[in-house]
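# A look at the structure
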Amino acid sequence: MKRLIRIFSVVLFFGLILAGCGNNSQNTASSNNTENAVKKIVIKGHNFKGTHNGDGSSKDPDYKYSMYFYKDGHFVQDIISSNGFSGRFTERGTYTIAKNGDITMNIVSVTEERFASDYDLSNGEAPISIVQREGNTLNAAEDHAIKIKNKETYLLGTVNNVKLYPTDKKTVNYRKHYQSEMSKYNSSYGKFSNHGFTSNGMDTPMNAIAFKGSNFIWRYGYQDPNNSSKDSAVMAVFEGTYSYDSSTRIMTLNVSSQSNSYYGDLMSLGGFEYQKSGKPLAGKTLKLKYVNNTLTLVGSGFTSWTMEDSYPNDASQSQPKYDDYISSYAVSTFDSQMHKGSESDSNGGSVKEVFPTKEDFVDWLTDYYQKDDDTSNFHAMESDEGGTLPVLESFGGEKKNVPMVYRIYYSFAEEGNEVSDTGKNIGITSSGKIYSGHDIMLDDDLTQAYSDYASN
């Protein structure tokens, strides 16, 4: 009997072991099936992220994607670009989901931001430009349906084949993000955009800077007060973008383009005439200190007069204007118009030696014309130094802009009755040529009269 009990116990023991092994095998299979099961992603009400590694060029930079699909059929997508192009594109629009899970997105509005550098972008600095596009202002890359494939465990973008995975990190709110970035932009550039700063004491500013958005153009001019030689003044043009640190009141000019340096008489330089030229003056950056509506150059290898905004609270009155300066003094235009002048005119003396001021030139013209009864009402309405006039060498010729030492706007009508007379100009070049009239044509009589006068 005891032997039967022992045999039964052994059988029961091995039976339990086999049963245990069977259960373990079933549990392992069940566990494996759970791990291998595909959990399909949920789109509505969820955030996704992904990256694209470009080749480091402006055409193929790196992109970081973040997007959120609202449950009501709207989406927001935030794309951060770096390593080739420092920018950010925040988009909003609508989406639909097909039966197979693929997504079709249609953009309604885009905020495009550009930054001075990847560092500024990553550190939350103000963008150097911010533009919002919607409706018919969307560009070709935005104004069409965007397809995203549902791969069950991730989404696949069809533009850069970016894999977008679910994430707990929230995508920005489109409206709040735009307001925040605009606040940064306005704080950095609002007080300067569409404003101009000039050095005082000049009828025609020879040293002035103009701003628009985050762009600037500076026609730099300076005369050494302790040097009276003919090439003691210098002029150059700088262009680029700028940033402003309100805590230090320092404006940093990022110089993207600059002219050669030109030396000569300051007024002649204003008329695009120089005595000698040199290499560009600035490095990659220049710094200006902003205090009481004035800008002062600091920490530079050259000297500048302080520049002031005479209308800090009225951009419409502030001068000069950026667009005007770009049209007249862009680096390429400035360099192409600058020409080397002679030490003296055809009479052996410079125009400035004959007529030291514009008033002297006006006095001579007045005496010349008022001797004749037909032109006895001659009077100058405006006068200026430097600049150019569109002149003709002869009838039927082609007009060309020619630098002038002095420019006069005059009338032959009685003073107070100028409305009856068409405006006329007179200009004298550094070589002593004088152009006059409504068409501003070469005036042989005046030129000869000047020659005779300068020779006496």
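The structure we're discussing is the one just above.
Being a predicted model, the structure only gives us computed values, none of them experimental.

## Thoughts on the pairing of strand S3 (residues 74–82)
For a regular strand, the rule is simple: side chains alternate between the two faces of the sheet. Bridging between strand S2 (residues 62–69) and S3 involves eight bridges; their strand directions are antiparallel. Looking across to S3, one finds that Asp62 is bridged to Ser82. Linking S2 to S3, which pair antiparallel, is a turn of four residues; within it Gly73 sits at a positive phi near 95°. Relative to strand S4 (residues 87–97), S3 runs antiparallel, the two being bridged by eight bridges. When the bridges of S4 are listed, Asp78 appears paired with Thr90. Taking the residues that link successive antiparallel strands as the turn, the S3-S4 hairpin has four residues, and the phi of Asn83 there is positive, at about 55°.

## Let's talk about the packing of aromatic side chains
One pass over the full model with this rule turns up 41 aromatic pairs. Ring plane angle 75° and centroid distance 5.8 Å describe the contact between Phe48 and Phe69, whose orientation is recorded as edge-to-face. In this pair, Phe48 sits in strand S1 (residues 46–52) while Phe69 sits in strand S2, placing the two residues 21 residues apart along the sequence. Here the aromatic rings of Tyr68 and Tyr70 are separated by 4.7 Å at their centres, their planes lie at 85°, and the arrangement is edge-to-face. Through successive ring pairs, a cluster of aromatic residues spans Phe355, Phe361, Trp364, Tyr368, Tyr369, Phe378, Tyr406, Tyr410, Phe412, Tyr450 and Tyr453.

## Regarding unusual backbone geometry
Across the junction of Gln319 and Pro320, the peptide omega takes the value 0°, indicating a cis bond. Mapping Pro320 onto the fold places it in the loop between strand S20 (307–308) and helix H5 (322–329). Residue Asn161 is not a glycine yet carries a positive backbone phi of 55°. Tracing the chain through its elements places Asn161 in the loop between strand S8 (155–157) and strand S9 (163–167). In this structure, Asn194 is a non-glycine residue whose phi angle is positive, near 70°.

## A look at the sheet that holds strand S28 (residues 441–442)
Pairing is antiparallel across the open sheet formed by five strands, whose spatial order is S22-S25-S26-S27-S28. Bordering the open sheet on either side are strand S22 (379–385) and S28, each of which pairs with just one other strand. Inspection of the sheet shows strand S26 (residues 424–428) paired to strand S27 (residues 434–437) by four bridges, in the antiparallel sense. Among the inter-strand pairings, Asn425 is bridged to a residue of S27, identified as Gly437. Of the strands in this sheet, S26, S27 and S28 touch helix H9 (residues 444–455), which is tilted by about 140° from S27.

## Some thoughts on the pattern of salt bridges
Counting across every chain of the model gives 11 salt bridges. Here Glu112 makes a salt bridge to Arg114, at a shortest N to O gap of 3.0 Å. Taking relative accessible area as the criterion, Glu112 reaches 12% and is therefore assigned buried. Salt bridges here are not isolated pairs; linked through shared partners, they connect Glu112, Arg114, Arg133 and Glu142.

## Brief notes about the pairing of S2
Summarising burial for S2: seven of the eight residues are buried, a large majority. Two strands pair when backbone bridges link them, and S1 and S2 are joined in this way by seven bridges, in the antiparallel orientation. Note on S2: the bridge partner recorded for His52 is Tyr63.

Calculation notes
Residues numbered from 1 in each chain as written. Predicted model: local features only at pLDDT ≥ 70, side-chain atom pairs only at ≥ 80, totals over all residues. Heavy atoms only, no water. Pairing = 2+ DSSP bridges. Helix = DSSP H or I, 4+ residues; strand = E, 2+ residues; numbered from the N terminus. Phe/Tyr/Trp six-rings, centres within 6.5 Å; stacked < 30°, edge-to-face > 60°. Contact = heavy atoms within 4.5 Å. Axes fitted to C-alpha atoms, helices over the stretch in contact; angles between N-to-C directions. Salt bridge = Lys/Arg side-chain N within 4 Å of Asp/Glu carboxyl O. Buried < 20%, exposed > 50% of the residue type's maximum accessible area, 1.4 Å probe, protein only.

Purely spatial values, then, with no claim about function.
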